[in-house]
Amino acid sequence: MKKFKNLKFVRAIGFNRVVLICVIFLLYLLFAVLTPVLHGGASFVKVERIFSAMNYAYFLGFLALGVTFVISTGGIDFSIGPVMFASALISGYCLTQYHAPLWLCLIISLIVGSLFGLLNGYFVAYRFLPSFVTSLASIEIAKGIGSVFTKTQSVTWPTAGSENSWYKNLVRAGNVPTGLILLIIAAVICGIVLNKTKAGRYMLCIGSNKEAVRLSGVNTKKWEMIAYVICGLLAGCAAIFYVGAYTTVQPGLGDNFNNDAIAACVMGGTSMAGGVASILGTVIGTMIMSLMQEGILAMGFTISYQYVISGIIVLIAVTADTLSRKRKV
Amino acid sequence: MGEIILTMKDIDKTFPGVHALDHVSLDVKKGEVLALMGENGAGKSTLMKVLTGIYKKDSGTITYEGREIEFKNPHEAQEAGIVIVHQELNMIGHLTVAQNIFIGREPLNGGLIDDAKMNRDAKKLFEKLKIEIDPTEKMNLLTIGKQQMCEIAKAISRNAKLIIFDEPSAALTDAEIEQLFTIIRDLREQQLGIIYISHRMDEIKKITDRVTVMRDGCNVGTLITKDCTKDDIINMMIGHVIYAAPKTESHVKPGTPVVLKAEHINAGRMVRDVSFELHKGEILGFSGLMGAGRTETARAIFGADARESGDIYINGEKVKITRPEEAVSAGLSYLSEDRKQFGLALKKSIVENSTLTCLPKFCRRQFIDKKKEKEVTQKYVDMLQLKTPGVDQLVINLSGGNQQKVVIGKWLIGDADILIFDEPTRGIDVGAKEEIYELMNRLADEGKSIIMISSELAEILRMSDRIIVMCEGKITGELDIAEATQAKIMNLATMRN
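Quick caveat: nothing in here was measured; it's all calculated off a predicted structure.

1. Regarding the pairing of strand S6 (residues 82-85) of chain B
Residues and elements named next belong to chain B. Neither face of S6 is open: one carries Ile82 and Ile84, the other Val83 and Val85, and all of them are buried. As defined by bridge partners, S6 adjoins strand S9 (residues 162-166) across four bridges and the pair is classed as parallel. Residue pairing across strands places Ile82 opposite Leu162, the latter belonging to S9.

2. Describing the interface of chain A and chain B
Contacts between the two partners involve 22 residues from chain A and, on the opposite side, 27 residues from chain B. The element contributing the most residues to the side of chain A that touches chain B is helix H9 (residues 198-215) of chain A, with twelve residues.

3. Considerations on the sheet that holds strand S2 (residues 18-29) of chain B
All names here are of chain B. If you walk across this open sheet you meet the four strands as S2-S1-S4-S5, and the pairing is antiparallel. In the strand order of this sheet, the two ends are held by S2 and strand S5 (67-68), each with one partner. Pairing of strand S1 (residues 4-15) with strand S4 (residues 59-64) involves five bridges; the strand directions are antiparallel. Bridge pairing links Leu6 to Tyr64 in S4.

4. Thoughts on the domain arrangement of chain B
Considered domain by domain, chain B is made up of domain 1 (4-238) and domain 2 (258-493). Just the C-alpha atoms count here: the centres of domain 1 of chain B and domain 2 of chain B sit 35 Å apart.

5. Observations concerning the environment of Val83 of chain A
Residue and element names in this part refer to chain A. Position of Val83 among the secondary structure elements: in helix H5 (residues 80-96). Taking the C-beta count within 10 Å as the criterion, Val83 has 37 such neighbours and is therefore assigned buried. Measuring from C-alpha to C-alpha, the distance between Val83 and Leu115 comes to 9.7 Å, with 32 residues separating the pair along the chain.

6. Remarks on helix H14 (residues 400-413) of chain B
Residue and element names in this part refer to chain B. With 14 residues, H14 extends 20 Å from end C-alpha to end C-alpha; this agrees with the ideal 20 Å at 1.5 Å per step. Summarising burial for H14: 13 of the 14 residues are buried, a large majority. Within two residues after H14, Asp415 carries a phi angle of roughly 60°, on the positive side.

7. Details of the sheet that holds strand S16 (residues 309-314) of chain B
Residues and elements named next belong to chain B. The strand order S14-S13-S16-S17 describes an open sheet built from four strands, whose pairing is antiparallel. Looking at which strands have only one partner, the edges of the open sheet turn out to be strand S14 (271-279) and strand S17 (317-319). Going across the sheet, the axis of each strand differs from the next one's by a mean of 20°, ignoring polarity. Note: strand S13 (residues 258-267) against S16, five bridges, orientation antiparallel. Directly across from Lys261, in S16, lies its bridge partner Tyr313. Across the face of the sheet, helix H9 (residues 294-302) comes into contact with S13, S14 and S16 while running at roughly 110° to S13.

Cut-offs applied
Residues numbered from 1 in each chain as written. Chains lettered and ligands numbered in written order. Predicted model: local features only at pLDDT ≥ 70, side-chain atom pairs only at ≥ 80, totals over all residues. Buried ≥ 20, exposed ≤ 12 C-beta atoms within 10 Å, placed from the backbone. Helix = DSSP H or I, 4+ residues; strand = E, 2+ residues; numbered from the N terminus. Pairing = 2+ DSSP bridges. Contact = placed C-beta atoms within 7 Å. Domains from an automatic or database assignment. Expected span 1.5 Å × (residues − 1). Axes fitted to C-alpha atoms, helices over the stretch in contact; angles between N-to-C directions.

Below you can see the structure in the form of structure tokens.
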């Protein structure tokens with residue numbers, strides 16, 4: 001075991017992550033065996049199943065990547081789901097009702113997300129509000145604005161094949177999983193920002209000890225706020241991939257994705273206490289969450305089971321994180 | 001004075017690297033006030049913590065009311081009638097006085113809290129103690145002095161037989177202190193045992209019957225208060241130990257330019273009209289007792305805490321410092337006394353901590369040049385003789401002395417010209433201490449200017465070119481190293497004005 005832990009590639013990506021990758025395969029195997037048994041001979045081993053799981057992974061991945069930045073500063077943002085929906089609703093409404101050009105609408109989506117990030121970040125960093133309070137407020141604001149803007153109507157983006165539907169290619173172009181490619185690119189960029197730039201360094205150090213960073217002469221408020229803005233921006237991106245996969249958005253929803261995103265993040269080795277984060281872990285965590293929800297549906301259970309499971313995962317992952325830190329100190 | 005209520009005999013306690021209590025004995029009689037005195041770190045608090053069960057003693061016996069006891073926690077001690085009235089009060093601000101006094105044992109009436117009875121009982125209690133406080137008042141509307149009296153009342157209501165006052169007067173006005181003394185005399189009448197910890201000589205003379213003096217974890221003797229002078233006590237506190245190589249004269253030549261000038265700095269109760277100058281290449285010692293306002297002064301100058309008034313000049317030019325960022329870019333640095341809370345990101349590596357003060361120097365555009373960062377950090381790790389398997393080691397895994405070196409290294413890499421060292425050798429072993437002293441001398445020789453805040457007189461006398469002594473937020477005196485003695489410093493440090 002110790003020998004395995006010392007292998008070069010294991011050390012490079014972390015033992016934790018290797019275990020998680022194994023979990024993906026085990027889960028797949030589990031679903032492949034159980035689905036026909038539980039759901040009258042239905043098959044789980046199909047390309048369409050993978051694409052379907054991936055559809056979930058794309059937008060969830062962007063949400064989880066964003067929230068990784070916030071968690072690494074020691075904060076939390078569980079308004080990302082509703083913010084993603086608000087972005088999709090507002091930009092979609094501009095597209096369908098005001099006939100704004102598609103490219104502009106995609107940008108609007110990013111802007112809406114970023115503004116919510118700015119709102120959260122400002123009150124956390126400059127007004128010293130606890131991040132969970134700003135999250136609670138943002139959830140309500142995001143849901144409310146989404147509803148008000150669309151007059152409580154659901155918004156259906158152009159379906160595949162119709163005019164203005166090229167945005168669908170961002171998710172899947174024929175049999176090319178463009179969404180996966182874009183998610184990987186985004187993850188690489190996030191990894192670089194978090195690990196190789198000044199911004200990422202400051203965010204992680206703020207998560208470890210904000211006061212020490214402030215006394216080192218760093219403008220901690222600014223960098224803390226930027227983490228929330230990045231999170232919001234990525235929620236805006238997530239909105240595009242959500243409609244790319246599912247087309248229709250309803251107002252007043254979105255909270256159920258918060259938990260999944262945070263679960264993906266924490267499972268991947270990002271510490272809820274801040275200071276330690278892994279982008280690769282977040283991506284793998286996203287895959288696990290997506291596979292899980294696909295499997296649960298395939299086995300004929302309702303999606304409500306997924307909520308139970310992701311809730312339990314958060315509890316287990318955070319407990320494990322707390323325990324491992326206790327041992328070290 | 002009656003029979004003995006508490007005897008502590010041969011109490012011994014060792015922490016890693018520190019012999020905190022070296023066979024200390026002490027006794028308290030019913031109906032007396034015993035003063036417990038000593039410099040910071042002499043072991044007074046440790047002894048009281050052993051008594052009340054916060055620390056476990058290594059050896060020795062505690063006899064209380066004729067029985068040998070060992071409390072597992074402060075709660076047990078309280079049940080037995082031993083109560084500490086802390087300098088910082090443990091009151092809940094938004095509850096009423098009566099609710100605070102009866103917290104945890106509220107009188108019930110049909111399952112609900114009987115507030116009326118609570119208020120009546122509190123009132124009776126106050127009458128007995130001749131304290132004038134309305135039991136229905138919210139605690140946070142009372143002055144600190146009144147809050148303290150509530151704390152005493154709470155102790156009495158729990159049938160306290162031995163009350164320990166830990167620097168009770170630090171936050172009180174003169175009138176409040178008088179009132180406190182009236183209560184203490186009253187308690188003495190009622191045959192309670194009282195231990196009074198304080199640094200203030202005049203109070204000791206006024207209120208106590210005997211004085212037990214501690215130094216370096218030992219009990220150096222007990223005096224009858226009315227038979228001794230203030231100087232007797234000071235002499236016992238500082239002892240006649242010869243410390244390693246005290247500086248005999250200042251290394252700063254007359255006419256050396258002033259690099260930092262603070263004028264009329266005010267920040268809260270702990271920094272009152274502080275003005276001083278720091279010369280190039282000087283080590284300026286800030287001495288004083290715990291709570292004298294030295295750390296607060298440093299933080300106010302560094303912009304870590306808000307300043308009400310006062311100007312700061314660096315190299316003769318007035319600078320605006322309201323935030324640490326501005327202080328750092330003006331060439332100031334501040335090594336906190338509490339490195340874990342204020343100095344280090346413990347979950348991060350040595351490199352990541354070291355370059356925190358000047359990360360932009362290691363960046364091309366936004367990207368960190370990790371190779372350069374490591375090289376430079378390695379250079380400082382070698383220079384500071386920091387013992388670590390590598391610069392990627394997490395700071396949390398280092399020893400206290402090595403952690404302190406990371407904090408020092410971080411400011412040296414930042415190339416600050418003015419270094420404020422706040423208790424630079426606290427909690428680190430002797431070997432590392434020597435290295436840090438050497439380093440400070442070397443830095444001063446190289447032209448860096450250093451403010452060293454220290455509670456250890458030996459350290460102050462050994463390192464400083466000049467010494468500023470503070471007491472209760474004010475500078476009470478300035479001594480050149482040539483004329484400074486422990487007795488002079490202690491006199492200034494206990495000088496109330």
